[in-house]
Amino acid sequence: MIKKYLLSTACAAAAAISATSVSAADEITVAYFLEWPMPFQFAKANGTYEEEMGVKINWVSFDSGTAMSAAMASGDVQISVSQGVPPFVVATSAGQDIQIVDVAVSYSENDNCVVAEALEIDKTNASELNGKKVGVPIGTAAHYGFLSQMAHFGVDVGSMEIVDMAPADGAAAFAQGNLDMVCGWGGALRRMVEHGNVLLTGAEKEELGILVFDATTAPANFIAAESELLSKFLKVTADANAMWNSGEHNDKMIPVIAKDAGMEEADAASTMATFVFPSVEDQLSGKWLDGGAQSFMKGVADVFVNAGSIEAALDSYDGTVDSAPLAAAK
């Protein structure tokens, strides 16, 4: 079902996109998401990208990372901002030649597993989860996170009753007391924690290599042909992130970002409070683009294969990351 959805979405997106490509030297098209507030939108709204890069930019909002992959495959999008890792892994595993060029946002606190409050199980006695019933969205990054956490705690997944449930459905079943543990993200996760507790914080998961992040991605041929232009794009993004991370300009940035994202200011602020925008130095470290991201993607891909979401995983995802333009931006 997941595979059919991914493929049908990609085909529909490709069919809906114009077949006309633009020359990267004169103008480029950049994909992004609405209602997903990020510092880059402050620079976007103020025209900083065009000013620094010297090209016309067509900003196009998308509904899914799968649609972004299709648009890059057709040549109609040169850069995708904040593409999720799962759709990126699906595309590259199928042979699409796109690459990650930066870590757009980390949101490990927004994707997790929650244990029923009544069980009084936390990280100190997680082995008691053996034999318990858990709702997990199979074939997703949350599924990979669940398996990784259980492996860390030495829990025998084979002893558990695992039910394939979308996060919203899992949250509802959890609230009714029908599950011992449930995994999900976003609004569903917020509802889950009303009835239980997480085993590991986002920071603790990251230390184990369990990452939850979106990336800026681009077709490999565009990266090769326009590496300098891409570096300028990444530099503007990094500067906007640094501006936000300083905490000194948030009051000025939030109204602009919220408007660009199509959100109320309070909603944008609360969403961004759960986001982490790694510095260029952090992105280039072993935790992220110098090994961590590649290992994480391999783990996600293997989970997808076992779940029947994709046909096969790559032997290695080292080739799906090109950090040279980001290093040049630094």
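The structure contained in this document is the topic of the report that follows. Note that the structure is predicted; figures quoted are calculated from it, not measured.

1. Some words on the overall build of the protein chain
Thinking step 1. Helix and strand content of the protein chain: 16 helices and ten strands.
Thinking step 2. Scaling as 2.2 N^0.38, a compact globule of 330 residues should have a C-alpha radius of gyration of about 20 Å, and the protein chain matches this with 20 Å.
Thinking step 3. Counting only C-alpha atoms, the protein chain reaches 60 × 45 × 35 Å along its principal axes.
Thinking step 4. The buried share of the protein chain, taken over its 330 residues, is 51%.
Thinking step 5. With an accessible surface of roughly 14000 Å², the protein chain has 51% of that area assigned to carbon and sulfur atoms.
Thinking step 6. When the 17 basic and 43 acidic side-chain charges of the protein chain are each reduced to a single mean position, those positions are 2 Å apart.

2. Observations regarding helix α4 (residues 65-74)
Thinking step 1. Counting buried residues along α4, eight of its ten residues qualify, which places the element largely inside the surrounding structure.
Thinking step 2. Looking at α4, one finds that the buried residues are G65, T66, A67, M68, S69, A70, A71 and M72.
Thinking step 3. Phi for G75, located one or two positions after α4, is positive at around 85°.

3. Some thoughts on the nonpolar core
Thinking step 1. I28, Y49, F213 and F233 are the most contacted members of the largest nonpolar core, which totals 71 residues.
Thinking step 2. When near neighbours in sequence (up to four residues on either side) are disregarded, F233 contacts V30, Y49, M53, W59, I79, V81 and T216.
Thinking step 3. Among the nonpolar cores identified, the runner-up in size contains 17 residues, and C113, V115, F153 and L200 belong to it.

Reading the values: rules and limits
In every chain, residue numbers begin from 1 and rise along the written sequence. Note on the predicted model: pLDDT of at least 70 is required for a residue's local features to be given, and 80 or more for side-chain atom pairs to be given and counted; whole-chain, interface and lining totals, by contrast, use all residues. Excluded from the side-chain calculations are hydrogens and water; all other atoms, namely the structure's heavy atoms, are used. For the purposes of this entry, the term helix denotes a DSSP run of H or I that reaches at least four residues, the term strand denotes a run of E that reaches at least two, and both are numbered from the N terminus. Based on C-alpha atoms, the radius of gyration is set beside the globule rule, defined as 2.2 Å times the residue count to the power 0.38. Exposure classes here rest on a 1.4 Å probe applied to the protein chains alone. A residue is buried below 20% of its type maximum, exposed above 50%, and partly exposed in between. Throughout, the Shrake-Rupley method with a 1.4 Å probe supplies accessible areas, and for residues the shown protein chains are the sole cover considered. The sign given to each residue is positive for Lys and Arg and negative for Asp and Glu; His and the chain ends receive no count. Charge positions come from single atoms, namely NZ of Lys, CZ of Arg, CG of Asp or CD of Glu. Among the buried residues, those of types Ala, Val, Leu, Ile, Met, Phe, Trp, Tyr and Cys that are joined through side-chain atoms within 4.5 Å form a nonpolar core. Contacts are assigned to residue pairs with any non-hydrogen atoms lying within 4.5 Å of each other.

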